[in-house]
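Overview (structure and organization)
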There are 4 protein chains.
Amino acid sequence: MTVIGHIINGEQVNSHGRTQAVFNPATGSSERSVQLADADTVSQAISAASAAFPAWRNTPPLKRARVMYRLKELLERHADKICELVTDEHGKVLNDAMGELQRGIENVEYATAAPELLKGEHSKNAGPAIDAWSEFQPLGVVAAITPFNFPAMVPLWMWPMAVVCGNCVVLKPSERAPSVVKFIVELAHEAGLPKGVLNLINGDKEAVDTLLTDQRVQAVSFVGSTPIAEYVYQEGSRHGKRVQALGGAKNHAIVMPDADMENAVSSLIGAAFGSCGERCMAISVAVAVGGAAADQLVAGLSAAMTKIKTGTGRDNSNDMGPLITSAHRDKVRQFVDDGVSEGATLVVDGRALSVADHPDGFFMGPCLFDHVTPSMRIYREEIFGPVLCVLRAESLEEAMNLINDHEFGNGTCIFTRDGEAARYFSDHILVGMVGVNVPLPVPMAFHSFGGWKRSLFGDLSAYGPDAVRFYTRRKTITQRWPSSGVREGAQFTFPS
Amino acid sequence: MTVIGHIINGEQVNSHGRTQAVFNPATGSSERSVQLADADTVSQAISAASAAFPAWRNTPPLKRARVMYRLKELLERHADKICELVTDEHGKVLNDAMGELQRGIENVEYATAAPELLKGEHSKNAGPAIDAWSEFQPLGVVAAITPFNFPAMVPLWMWPMAVVCGNCVVLKPSERAPSVVKFIVELAHEAGLPKGVLNLINGDKEAVDTLLTDQRVQAVSFVGSTPIAEYVYQEGSRHGKRVQALGGAKNHAIVMPDADMENAVSSLIGAAFGSCGERCMAISVAVAVGGAAADQLVAGLSAAMTKIKTGTGRDNSNDMGPLITSAHRDKVRQFVDDGVSEGATLVVDGRALSVADHPDGFFMGPCLFDHVTPSMRIYREEIFGPVLCVLRAESLEEAMNLINDHEFGNGTCIFTRDGEAARYFSDHILVGMVGVNVPLPVPMAFHSFGGWKRSLFGDLSAYGPDAVRFYTRRKTITQRWPSSGVREGAQFTFPS
Amino acid sequence: MTVIGHIINGEQVNSHGRTQAVFNPATGSSERSVQLADADTVSQAISAASAAFPAWRNTPPLKRARVMYRLKELLERHADKICELVTDEHGKVLNDAMGELQRGIENVEYATAAPELLKGEHSKNAGPAIDAWSEFQPLGVVAAITPFNFPAMVPLWMWPMAVVCGNCVVLKPSERAPSVVKFIVELAHEAGLPKGVLNLINGDKEAVDTLLTDQRVQAVSFVGSTPIAEYVYQEGSRHGKRVQALGGAKNHAIVMPDADMENAVSSLIGAAFGSCGERCMAISVAVAVGGAAADQLVAGLSAAMTKIKTGTGRDNSNDMGPLITSAHRDKVRQFVDDGVSEGATLVVDGRALSVADHPDGFFMGPCLFDHVTPSMRIYREEIFGPVLCVLRAESLEEAMNLINDHEFGNGTCIFTRDGEAARYFSDHILVGMVGVNVPLPVPMAFHSFGGWKRSLFGDLSAYGPDAVRFYTRRKTITQRWPSSGVREGAQFTFPS
Amino acid sequence: MTVIGHIINGEQVNSHGRTQAVFNPATGSSERSVQLADADTVSQAISAASAAFPAWRNTPPLKRARVMYRLKELLERHADKICELVTDEHGKVLNDAMGELQRGIENVEYATAAPELLKGEHSKNAGPAIDAWSEFQPLGVVAAITPFNFPAMVPLWMWPMAVVCGNCVVLKPSERAPSVVKFIVELAHEAGLPKGVLNLINGDKEAVDTLLTDQRVQAVSFVGSTPIAEYVYQEGSRHGKRVQALGGAKNHAIVMPDADMENAVSSLIGAAFGSCGERCMAISVAVAVGGAAADQLVAGLSAAMTKIKTGTGRDNSNDMGPLITSAHRDKVRQFVDDGVSEGATLVVDGRALSVADHPDGFFMGPCLFDHVTPSMRIYREEIFGPVLCVLRAESLEEAMNLINDHEFGNGTCIFTRDGEAARYFSDHILVGMVGVNVPLPVPMAFHSFGGWKRSLFGDLSAYGPDAVRFYTRRKTITQRWPSSGVREGAQFTFPS
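Going by what an unreviewed UniProt entry lists, chain A is known as methylmalonate-semialdehyde dehydrogenase (CoA acylating) and is assigned to Simiduia aestuariiviva.

Set out below in structure tokens:
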């Protein structure tokens, strides 16, 4: 049994104490375990980061960026291995993992632009013969705490921008899928990242709490569920840290009667069931405007769902892999049971699915509900599984009210050809990331990722331009040089 | 006795219940009182702001900005009255009030640039035939809670930027100097601000707590002392609000041996004793590098201090007015007593000063301590009065360590001619606002104001570019238009 | 007879020599004449500008901007007089002049943002302990040469941005409508512009040629016809000047079959016939896609045109005033004659129109041609009069090819509801300013104005962000301070 | 004898007709020749670029940027070969070539930021329910014409930014050092650049003139001597092209009496004699302020110059290689002869230097003149060889006047410790690139390169942010969607 440890100050570190099994969700078996750092080990990582900071902050941004150029090469060179590590611990299909990695690499690419992104604003003659300018200085030690569902990508949302801004990082990934991030941290060192600039800690609540309370940690970036995000935000803030904590979602797609229905159906199939619905940007609700559109949509979806192939992620001919744990699979099934009890029409039922050659895998087939209402639990809560709910509205306004009244505000999408509908929707919807005929409107790495309402706690979004502001502290310098006849005389600086 | 009430939805509102006397600190008498809003009154103001929001958010930024153009005119036209209101309730000398107002107007000027400042980033072909752009949408209702020491300026740091970004505001100024802000809010309405966009509430902790807990308030900007700032930040954050809370300071000036000593002395006199030291950017500590510089500095300062004229702020020939309350004057005197007890050398003693024609005013003369050490209370705590402490260091590094070890990190300054000293200092000092031969490095309105360490709680600084980011929520829109032969045929949109 | 002279160094200057009559085109009579500066007078203005430059360049941008705040107030206060001056010399209807002035004021408003717009880019640690930043320094003396058709607005496109960037200006407006710009230059001085910063010269080719050849003039902004624009660009460039020269246009609107036809018709009536078609952004060609749309469009336009009221611009109940000169009116009539000869269908004929109470005014009624083809002279050339040509295309692609093959590329517009059509059109059309359901897509003052192809000679567009780049020269400063033990010792700067 | 041809549409092309010998300046012998394209061959390259444009402009900037990431890898992998090609045809020492290449790679790095750099500005609600945004669209086919002295770097200043902006390029390098650029163009194709996007033409005036006159070429970037730069600018502008043409220089360093003299001397040695003075940023004039400083400086320089080792560039122990041709060597010698005749003091005379093992190489030793005056030819003209002139001034003002009166304004530098001197100098000097204690203030790739006065013809500087503006055309789109009840009804788009 392989035991996955930590990387502190560029060295592999094995702490004593607690460990936890890491499962392959396609087989249901476990061949690895992960160490769960205690407070001392976390503190040691913070110390390593603190020690590396003075030299790293003085390193020109261009040199910091060059580590990212090399990391990009290494990530591309080792893409297959990275995807296998993702698939074996998360379960998603290999080419879905490749998509995840690609998005992660795009954040590394954006980080190469550090010299451009870190420019301050310079005001010549802010006052008479007075200049002023801003510098965006690194914070010091920052922590990143990341979820299981994008084990390669979400860490790459965070630490590359943090380090090119001059910070040193303690990264704590999900203990359910720890291998891929460990490999990538090793690649970062191979790419030339100095020791101590990026430290990896595996762990659970004890590690998290240590990061949230240690006075040396200046900032925390977090992605996970809303209750934990809120806890991280409150605790971190209370201890004087800058925090951005991204939480849950219930992303709606509105299908207008003028939409290209074929395109809408195929987009929704991918957006709802890709990665088994375990994405914070997954579409879990479709709202059809008008009865005719609703009937067409449900017919189209149920037909398309018959073609979805579920099985091990190692086989790229599959569309969907397993869920992350058996407990989570059971929880998703319970949601479906509840939906039926509450009166929704279960048009496609994937609960009973079993995968022949992987009888112990945590599989479940895709499910489609029609006639869902806002009061149902399957509508109110985030399921994080392959369950799509269809609601019916009489107008765009009614459909938008559903979204605006929901607890979450991460992503949303409209399918239409109409310019006015697109503009009205994107203007007035209380959601941070909006797609027009784009089902998964994840912002590109050169924009920033952030939901509204209870999908994000904090002022600034993740990655992109906001990450520069999050990972730096503004300093404003105002400078005047008193006149001493410097222009006239050759001898001015020599005191008599 | 005039009773100062509230302005809600553009109307003068008098709440019942508690009031508090407003004093003229130069005379020690009170001719006005101010109402202290209860929770219901505050809630009414929030309701008015909420109701005004939908129309105001849809108003083009250029039209919102035009209210600021007109407000600037009105502020300039009524400058004398504004300054008198400041002087009569705060005590500062009239032309000091004029300086304050000027800085406030500069924030109004910056707010006129809203159409430029609110531009989002547009990516053509973010992906193949996919465009993406960001919009910075207003938050909704935001609160501003401001201190007594800049009763005209600090509110103008906040609400003009908040409203040109499309928000509606509830403003709670200090209950000690409420008249001037009330007058300015009236001018804002005269300038064309629609009713409900800016609401004024007078009050104390009850009002503050209502603002911090009401779910409809999206954000809070605060300036005050560090303990209250921390409380506001914690409470506001805990209730899901975006908060920026600016607190106390202990601003050091370093005087290098190559400094133009005459310039340093005259700069320090103004920076330490202007506004009676009741400024969060006041210099309260001077660190001389080298014994010769220290001796020169103390000699220069004590000579210059004999010329400082203290008296009523209505007389522009005075340099310093009274402190804000008699209680505060007593507290400052106590600091000076403590300094003497702890062993510092009191070179100039202003404790006994009295002003002939204003025997009941809250006056105190300027004080200078030499040989102060880091352990003394007069060094560790913010005095907020006319007391300047001199410390002596052997090197720039030692002087900088003093600053970097202090609890606060608001402003600082170095006096030198040397380019390397200036650059090393501004690079490595853990302070947000840095002056080089500029004793009060308050950033211009087109930069942002923010301290480091326990001088600011929150991610983003006040006013300037950061205010745009603070008062808006990022929305990213990703748009694709599926191909339907639109270029080829004339009939494309008509269904058969 | 009033004789209109020059303003040099803040003083009214009357040169000797040539003058030219200024007509009221509504009455056909002349009560004013304008002096035509000879080379010496122009040189005197350049000298005044040169002399004012050193102090003005050193004036902080914020102080330069404040002149613009005051100018905005004065322009608003004197709006009625300004509009009357426009109407009496240009002919356009008063409220059309008010629209022109409003657009001019918006450029003054944008110029108030100078402190924000002039910020350079600051790179801390561009190299090891090396900082670098850019400054955008003013050029020196710049010239602005403006046309008759927007006598108030086009000068305000240019000189306010030029002066807030720190330049000094010699402005030569059209000799046909010189009064309004003279009045505005006087207001600028009243607003506090120092003498010599803005100088006004009236004149013709002799003045233009002097500006194009004098070595002290650093840059020229020009708006006029394409042949003159090309000449100005060639001559100015040849003499080492930075030049932006805006020329003619032939702006097409595409009407798609899904357009809201009522809206399209009413938009086109305003865009084609407003200001008698004497606008470089006027729509002079409408391309209907599909025969049904074409028939609807022509029917709608001809019906609407019967309601257009032509008469003196002093009467706001009129829709259209006279053309600028009788010669120009005759030229436009000749174009219509030619169109008939070439075989286009003259659906509405305004050639014979006369205005009862102004028999000598230079009036002409609106004309509509259908079935125009690309080879006709009325299609190829800019008419600059109230003549709208309709072409018929079978597809969007065909309609776009017409535009892309035309000599000019100033503005264009599409009427549609379809998102894909709007995006494809705006992406691929070879035109600088594109409207989607916006017939006159003149960029707001916070964007920049510039056509493509032979509508603009030069690299940078007029006003908005490009104006900052045009009116400044980039300077990049790279700074390093060699280490000399400054941090360690107190005595470092004193040589032994 | 190797014959170096062209690369058109990704293919090696050998034109018939004229060729020219390519020399190894260290040996004086020639083993390669280069083809000189006739007009037809150039036209063929322009055709290839035109054909590649439509697909390339539609390629997302991120994908265009990814070619640059790969090119960076290839340039680093083949660095040794690249440097050998530079050294064998230009003569500079290998590690000087490596420095050149490094600077070139930095431009490739900057080009990877294309998705960030090409963002337009988006104005939500520019007017009521009207949005407006700018796009920076590629120009089409652009030409780059580059000099011999940085055969690897200067092309990399130009075409990478041009192509990531979406343009297709015809590149004409110097015919004296054609091999390295050919190799790099091959690497660009290996990196994935599509055929036709970058085309290489070798040639002389015939090729240049074809590029300057062909209507399909939209823009020209040029670096060379001032007379040719002016010709390129005039001719290109006359044919409707956007042109930036960088010319000659005479870069002064001012040495203040408070400068660290040791640092100044060692900096000047490198800046004056590196690359044999054949750099447009070389320091060719040192102005000492005060007689003491001058004496120290001349003594220091002449001592240091005795240690300069001249010889073949293949040997990294040499400091200086040969000049580019024997004719140029003779021309530089003639300058030195003239300096002696005109009365300057030739302190160090390198005219007679010969290199033992390379008797036919175009070598010349470093020369130092003292007591040079402004009227001498060695001061007025650009020598482009290893000759440093020292002038003596009594004050900073006098030294600055020398610079401001000179024809050129490319680079300059001051050596001082004094903040005021540095600021006054950088503010008032009429030079585009300014160093403070930095002898070669070449802007980093994330800033832009451009001289003032007759060192640059055109509005925009080379590379960096200005390159984005130069290689794109601004398009402004204004969009409104007319209301048609889209929010209320489900059926809105279906006509009855």
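Having seen the model, we can carry on.
**Details of the relation of the copies chain A and chain D**
Each copy of the sequence occupies a distinct position, and chain A is placed on chain D by a rotation of 180 degrees and an axial shift of 0.0 Å, giving an RMSD of 0.0 Å. In the structure described here, the two chain copies are related by an operation that fits a two-fold rotation axis. When each C-alpha of chain A is compared by its distance to the rotation axis, alanine 113 of chain A comes out closest, at 2.8 Å. Interface overlap between copies: 100% of the residues of chain A at the interface are likewise at the interface in chain D, consistent with a symmetric, same-surface contact.

**Quick notes on the UniProt feature "domain: Aldehyde dehydrogenase" (unreviewed entry) in chain A**
Summarizing the sequence annotation, UniProt attributes the feature "domain: Aldehyde dehydrogenase" (unreviewed entry) to residues 14–477 of chain A in the numbering used throughout. In residues 14–477 of chain A, the share of helix is 42% and the share of strand is 22%. The end C-alpha atoms are 45 Å apart.

**A look at the sheet that holds strand S1 (residues 2–4) of chain B**
Residues and elements named next belong to chain B. Here three strands make up an open sheet; going across it, the order is S1-S5-S4 and the pairing mixed. Each edge of the sheet is formed by a strand with only one pairing partner; in this case those strands are S1 and strand S4 (19–24). Taken over all neighbouring pairs, the strand axes of this sheet differ in orientation by 35 degrees on average, direction set aside. Taken together, the three bridges between S1 and strand S5 (residues 29–35) define a ladder with parallel strand orientation.

**Side note on unusual backbone geometry**
If you check the backbone angles, asparagine 125 of chain B has positive phi at about 55 degrees while not being a glycine. Within the chain, asparagine 9 of chain C stands out as a residue other than glycine whose phi angle is a positive 55 degrees. Tracing the backbone shows asparagine 9 of chain C in the loop between strand S2 (6–8) and strand S3 (11–13). Asparagine 9 of chain C sits in the partly exposed class, given a relative accessible area of 34%.

**A word on the packing of aromatic side chains**
Evaluated as defined, the whole model comprises 30 aromatic pairs over all chains. Taking 6.0 Å as the distance between ring centres and 50 degrees as the angle between the ring planes, the aromatic pair formed by phenylalanine 449 of chain D and tyrosine 463 of chain D counts as tilted. Here tyrosine 463 of chain D lies in the loop between strand S22 (456–457) and helix H16 (464–470) and phenylalanine 449 of chain D lies in the loop between strand S20 (433–436) and strand S21 (452–453), a separation of 14 residues in the sequence. For tyrosine 463 of chain D, a relative accessible area of 3% gives the class buried. Put simply, the rings of Trp157, Phe449 and Tyr463 of chain A touch in pairs and so form one group of aromatic residues. Directly above the aromatic system of phenylalanine 183 of chain A lies the positively charged group of lysine 81 of chain A, at a separation of 4.1 Å from the ring centroid.

**Re the interface of chain A and chain D**
Note: interface size is frequently given as the accessible area lost on complex formation between the parts. With 53 residues of chain A at the interface, the matching set in chain D holds 53 residues. Counting each side, the surface lost to burial between chain A and chain D is near 4,300 Å², with a carbon and sulfur contribution of 58%. For the pair chain A and chain D, the number of links is eight salt bridges. One can count 20 residue pairs in polar contact (both at pLDDT 80 or more) joining chain A with chain D. Going through the elements one at a time, helix H2 (61–77), helix H4 (94–111), helix H5 (114–117), strand S6 (120–127), strand S7 (130–138), helix H14 (396–405) and helix H15 (419–428) of chain A are the ones with two or more residues in the side of chain A that touches chain D. Considering every element that reaches the side of chain A that touches chain D, the biggest residue donor is H15 of chain A, with six residues. Grouping the amino acids of the side of chain A that touches chain D by side-chain chemistry returns 23 nonpolar, 12 polar and 18 charged.

**Focus on the domain arrangement of chain A**
Residue and element names in this part refer to chain A. Per the domain assignment, the segments of chain A are domain 1 (2–247 + 455–477) and domain 2 (251–436). Put simply, the middle of domain 1 and the middle of domain 2, counted by C-alpha atoms, are 31 Å apart. Each partner contributes to the interface: domain 1 provides 22 residues, whereas domain 2 provides 28 residues. Carbon and sulfur atoms supply 57% of the area buried between domain 1 and domain 2, which totals about 2,000 Å² over both sides. Of all residues in domain 1, Ala26, Val93 and Ser455 give up the largest surface area on contact with domain 2, accounting jointly for 25% of the area buried on that side. Counting across the domain 1 and domain 2 interface gives three salt bridges. Aspartate 96 is the partner of arginine 279 in a salt bridge, and the nearest nitrogen-oxygen pair spans 3.0 Å. At the junction of domain 1 and domain 2, the tally comes to 10 residue pairs in polar contact (both at pLDDT 80 or more).

Thresholds applied
Residues numbered from 1 in each chain as written. Chains lettered and ligands numbered in written order. Predicted model: local features only at pLDDT ≥ 70, side-chain atom pairs only at ≥ 80, totals over all residues. Heavy atoms only, no water. Least-squares fit on C-alpha atoms with pLDDT ≥ 70 in both. Contact = heavy atoms within 4.5 Å. UniProt positions renumbered as here; feature names shortened; annotations may be inferred. Helix = DSSP H or I, 4+ residues; strand = E, 2+ residues; numbered from the N terminus. Pairing = 2+ DSSP bridges. Axes fitted to C-alpha atoms, helices over the stretch in contact; angles between N-to-C directions. Buried < 20%, exposed > 50% of the residue type's maximum accessible area, 1.4 Å probe, protein only. Phe/Tyr/Trp six-rings, centres within 6.5 Å; stacked < 30°, edge-to-face > 60°. Lys NZ or Arg CZ within 6 Å of the ring centre and 35° of its normal. Buried area = accessible area lost by both parts, 1.4 Å probe. Salt bridge = Lys/Arg side-chain N within 4 Å of Asp/Glu carboxyl O. Polar contact = N/O pair within 3.5 Å; in protein donor to acceptor, adjacent residues only side chain to side chain. Nonpolar A, V, L, I, M, F, W, Y, C, P; charged D, E, K, R; others polar. Domains from an automatic or database assignment.

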